[in-house]
Amino acid sequence: MAGILYLVGTPIGNLGDISLRCREVLEEADFIAAEDTRVTLKLLNHLDLHKPLVSYYAHNSRGSGDRILERIRAGETCALVTDAGMPAISDPGEDLVRLCAEAGVEVRAVPGPCAAVTALALSGLPTQRFTFEGFLSVTRKSRTEHLESLRREKRTMIFYEAPHKLVSTLEDLAAYFGEDRPVALCRELTKLHEEVVRTVLGEALARYREEQPRGEFVLVVAGAPEESGEPDEAAALERVRALRGEGASLRDAVRQAAQETGMNKNALYKLATQSGDD
Ligand code: SAM
């Protein structure tokens, strides 16, 4: 009979967050698949557990995933852990879950801390509807596409970021969402220097241009405010001009600006030509 794949959530900082079930499943698994075996070894030493470890990280996930699946199919039980938090959330695991599901192998979760949900709960921003955006790409094209797709997002948005990229990410968020958009910067959650700064993007940017960001960050950004009724014609026209400045034809600029602002395309076209933007 096939074994089971367990997705085991581990602490995002404070080892006191290890659950009884996390310990139990790690102890009973035949082997543990870890993102970085050195990090996991520290956790196992803390728990006084000695288990066989295999490596499962982003760049070896394909070959390693196949080998893990084979072992589970042969009857072994595997516990998958990452360096911190829930596997498969901006971490390796997604592919392995899919692989196991497709092969009819049972997958169970041992839920543990997740930085995104922890930050959302602490943010003080609306939690009823939210979107998880993970890390913004460092490639300009996909980064722009990602931000563009969020321009009119009304739900609270959650981003992960590394300290050395924080300022450039805040710059882009402020450019797309405006400097006065509320944001909660949640830093070093559950650790000694845990801090939650509830401010607006412009102020966050000013602070971290002065002060070197340290530690791990989750940025929780408020969604776009409800529109006050009619689409903003001046903003739509401004957007047409910006797109024209980037080299778009009038037709393409109008189509995109209308889509982004909710303004009627024909009305915007007329407005643009009347304003001499053709
Ligand atoms: N799977 C993890 C989870 O469930 O949260 C996320 C892993 S992702 C590779 C790492 C990112 O999570 C960090 O760059 C940071 O944005 C966020 N993060 C992890 N631990 C954190 C903490 N203690 N405080 C703030 N952010 C944290």
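Below or above, wherever it landed, is the structure these notes cover. (Residues numbered from 1 in each chain as written. Predicted model: local features only at pLDDT ≥ 70, side-chain atom pairs only at ≥ 80, totals over all residues. Heavy atoms only, no water.)

A short note on the overall build of the protein
Along its length, the protein carries 11 helices and 10 strands. Dimensions of the protein, computed from C-alpha atoms along their principal axes, come out at roughly 75 × 40 × 30 Å. When each of the 278 residues of the protein is scored for burial, the buried share is 44%. Element-wise, carbon and sulfur atoms account for 49% of the exposed surface of the protein, whose accessible area totals about 14900 Å². Counting 34 positive and 44 negative side-chain charges, the protein places the centres of these two groups 3 Å from one another. (Helix = DSSP H or I, 4+ residues; strand = E, 2+ residues; numbered from the N terminus. Buried < 20%, exposed > 50% of the residue type's maximum accessible area, 1.4 Å probe, protein only. Areas by Shrake-Rupley, 256 points an atom, 1.4 Å probe, with all protein chains shown as cover. Lys, Arg positive; Asp, Glu negative; His and termini not counted. Charge placed at Lys NZ, Arg CZ, Asp CG, Glu CD.)

A short note on the pairing of strand β6 (residues 130-135)
One ladder, built from five bridges, connects β6 with strand β7 (residues 156-161); its direction is parallel. Each bridged residue has a counterpart across the sheet, and for Phe-132 the counterpart in β7 is Ile-158. At this point the chain moves from β6, through helix α6 (residues 140-149), to the parallel β7, and the crossover so formed is right-handed. (Pairing = 2+ DSSP bridges. Right-handed = clockwise from strand over helix to strand, strands pointing away.)

Quick word on the sheet that holds strand β8 (residues 182-187)
Taken in spatial order, the five strands make up an open sheet running β6-β7-β10-β8-β9, and their pairing is mixed. Here the strands that pair on one side only, and so sit at the sheet edges, are β6 and β9 (195-200). Put simply, the sheet's adjacent strands are angled 20° from each other on average, direction ignored. Across five bridges, the pairing between β8 and strand β10 (residues 217-221) is antiparallel. Bridge pairing links Leu-185 to Leu-219 in β10. Sheet contacts for helix α5 (residues 115-123): β6, β7, β8, β9 and β10; angle to β10, the most-contacted strand, approximately 50°. (Axes fitted to C-alpha atoms, helices over the stretch in contact; angles between N-to-C directions. Contact = heavy atoms within 4.5 Å.)

Digging into helix α10 (residues 250-261)
Since there are 3.6 residues in each turn of an α-helix, residues three or four apart along the chain are aligned in direction. Compared with the 16 Å implied by 1.5 Å per residue over 12 residues, the 16 Å span of α10 between its first and last C-alpha is a close match. Structurally, α10 contributes buried residues whose contacts are with α6, α9 (233-245) and α11 (265-274). Trailing α10 by a residue or two, Gly-262 shows a phi angle of about 85°, which is positive. (Expected span 1.5 Å × (residues − 1).)

Regarding the side chain of Thr-82
Its location among the elements puts Thr-82 in the loop between β4 (78-81) and α4 (94-102). For Thr-82, a relative accessible area of 3% corresponds to the buried category. A distance of 3.0 Å separates a polar atom in the side chain of Thr-82 from a polar atom in the side chain of Asp-91. If we ignore the near neighbours within four places in the chain, the residues touching Thr-82 are Thr-10, Glu-35, Pro-87, Asp-91 and Pro-92. (Polar contact = N/O pair within 3.5 Å; in protein donor to acceptor, adjacent residues only side chain to side chain.)

Section: the site of the ligand
Around the ligand, the surrounding shell holds 19 residues, and the nearest of these are Ile-89, Asp-91, Ala-115, Tyr-160 and Phe-217. Contact between the ligand and Ile-12: a nitrogen atom at 2.9 Å from a main-chain N or O atom of the residue. Note that a nitrogen atom of the ligand is positioned 2.8 Å from one of the side-chain N or O atoms of Asp-91. Here the ligand has 570 Å² of accessible area as a free molecule, and 92% of this is covered by the chains. Counting residues per element, the ones that place at least two in the shell around the ligand are β7 and β10. Tallied by class, the residues present in the shell around the ligand amount to 12 nonpolar, two polar and five charged. Taken domain by domain, the shell around the ligand gets at least three of its residues from each of domain 1 (4-113) and domain 2 (116-221). (Near = heavy atom within 4 Å. Nonpolar A, V, L, I, M, F, W, Y, C, P; charged D, E, K, R; others polar. Domains from an automatic or database assignment.)

A look at unusual backbone geometry
Glycine aside, a negative phi is what most residues show, and trans is what most peptide bonds show. The phi torsion at Ala-88 lies on the positive side, around 80°, for a residue other than glycine. Secondary-structure assignment places Ala-88 in the loop between β4 and α4. The backbone of Thr-190 sits at a positive phi, close to 70°, despite the residue not being glycine. Along the chain, Thr-190 turns up in the loop between β8 and β9. On the basis of relative accessibility, which here comes to 21%, the residue Thr-190 falls in the partly exposed class.

All we've got here are geometric facts, nothing functional implied.
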